Amino acid sequence: MTAIGSLSARTLAIPFKVSFAHASATRAAMQSLWIEAQDENGTTGYGEGCPREYVTGESLSGAQAFIAAQQGEIRGAVHDLGSLRAWVDHHRALIDANPAAWCAVELALLDLFGKRAGVPVESLLGLPALSGRFRYTAVIGDSAPQRFAAELDRYRRVGFRDFKIKLSGDPARDASKAAALRAAGIAPDRVRADANNLWRNVADATQALKAADFAFFALEEPLPAGDIAGMAALARALDCAIILDESAARADQLERLPAGVRWIINLRVSKMGGLLRSLALAAAARSAGAQIIVGAHVGETSVLTRAALTVVNAHRASVIAQEGAFGTHLLKRDVVDLPIMFGAGGELRADAVPTGAGFGLAPTLVRASEA
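In this text the structure is predicted, and so the values were computed from the model without any measurement.

**Here's the deal with the side chain of Glu300**
Within the element layout of this structure, Glu300 appears in the loop between β13 (291–294) and α12 (302–314). Buried charged residue Glu300 carries no salt bridge. Nearest counter-charge: Arg268, at 6.5 Å. Those residues within four positions of Glu300 in sequence are excluded, and the remaining contacts are Glu48, Cys50, Thr305 and Leu331.

**Regarding the nonpolar core**
Judged by nonpolar contacts, the single largest core of 111 residues is most densely connected at Leu109 and Ile265. Top element by residues in this core is helix α4 (residues 99–117). It accounts for 11 residues. The residues contacting Ile265, other than those within four sequence positions of it, are Leu244, Ala248, Leu254, Leu257, Met272, Leu281, Ala285, Ala290, Gln291, Ile292 and Ile293. Residues Ala218, Ile243, Ile264 and Ala321 belong to the second largest nonpolar core, which totals 6 residues.

**Some remarks on helix α9 (residues 228–238)**
Taken together, the buried positions of α9 are Ile228, Gly230, Met231, Ala232, Leu234 and Ala235. The elements touched by buried residues of α9 are α8 (202–212), β10 (218–220), β11 (241–244) and β12 (263–267). Directly after α9, the chain includes Asp239, whose backbone phi takes a positive value near 55°.

**Overview of the environment of Gly360**
By the secondary structure assignment, Gly360 is in the segment after β15 (347–349). What makes Gly360 partly exposed here is its relative accessible area of 21%. Spatially, the C-alpha atom of Gly360 lies 8.8 Å from that of Arg306, the residues being 54 residues apart in sequence. Excluding residues that lie within four positions of it along the chain, Gly360 makes contacts with Asp111, Pro354 and Thr355.

**Points about the packing of helix α2 (residues 81–90) against α4**
One way to put it is that α2 packs onto α4 with a least axis distance of 11 Å and a crossing angle of 165°. The orientation of α2 relative to α4 falls into the category roughly antiparallel. Note on packing geometry: the crossing formed by α2 with α4 is left-handed. Contact residues: Leu81, Leu84, Trp87 and Val88 in α2; Trp102, Glu106, Leu109, Leu110 and Phe113 in α4. Its residues assigned to classes, the contact of α2 with α4 comprises 8 nonpolar, no polar and 1 charged.

The rules behind these values
Residues numbered from 1 in each chain as written. Predicted model: local features only at pLDDT ≥ 70, side-chain atom pairs only at ≥ 80, totals over all residues. Heavy atoms only, no water. Helix = DSSP H or I, 4+ residues; strand = E, 2+ residues; numbered from the N terminus. Buried < 20%, exposed > 50% of the residue type's maximum accessible area, 1.4 Å probe, protein only. Lys, Arg positive; Asp, Glu negative; His and termini not counted. Salt bridge = Lys/Arg side-chain N within 4 Å of Asp/Glu carboxyl O. Contact = heavy atoms within 4.5 Å. Core = buried A, V, L, I, M, F, W, Y, C linked by side-chain atoms within 4.5 Å. Axes fitted to C-alpha atoms, helices over the stretch in contact; angles between N-to-C directions. Parallel < 35°, antiparallel > 145°, perpendicular 65-115°, else oblique. Left-handed = near helix turned anticlockwise from the far one by under 90°. Nonpolar A, V, L, I, M, F, W, Y, C, P; charged D, E, K, R; others polar.

Below, the structure is given as structure tokens:
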């Protein structure tokens, strides 16, 4: 049994090529917790998590404090996949409070265990090997009308078919986005709108969304996080699906979803607390009759992009969309020389994903200046 020799943590703050805005935050650089797990033989695994105060209540400093407090126990208790699963099962409440921090640790350990066994993470977990194609959604932030129209046109010209837009709550600004979508001939059933918990009640949300005069296929988190009854009422009033993000971070939350509404879960590996919990939640969503969007935090590197592919590949029947894989389309640099990112039409082919043990990645661009 080879022990974990070290768990080192640092923060990453790689600049964006352009700033990205939505109702909860505006960012000019990505924010991630970076973990390197090394065993006594010198094998190293890499992991990433994205603490977000407005999503999981975590800060980067809090995530680092979690690592400092728990790394001794983790190193002593976790030495293979079985003991990793046991640690996750026995520390549910702790992971619930620190999902992104734990995600970074877990991905590093899975990468390490895969490399140690000489197999991809999918083989380690008993899942199908990556295959086929992965198609991503065009995501457009809350930008001024001219910039919004330009981004929409750019996505259309390279072949994107599905779109997610960020709403601002400003009636004129959001109406201009709807007008740009109509002018581009984009059907409402190809567009979902992310409100990031903009409205306080069903009446305000209904009024604002009817004023936009665009029948979005689905609305993401239109009301305060956790207001499931209100979102169900809004879904019936507007005849649309509801996407749960902040309101669905654990599998047990899906048991309380009202019937008669098309629920979609925005599953983000970092938000869910790692790959193992993400796979469990995807299975729970299927059992609950909900569909899945495998999403991403703005600015994820290729490490989290690669982990998300594992979930999509294992649950294709439930996955209706993917987000992320922006790589150096958004970041000034990634942590690997050949980023995992979408190409023309938002498509990523499995045969373009690096192969090898663990997650198959060899990060080279994690710099001391980003610590």
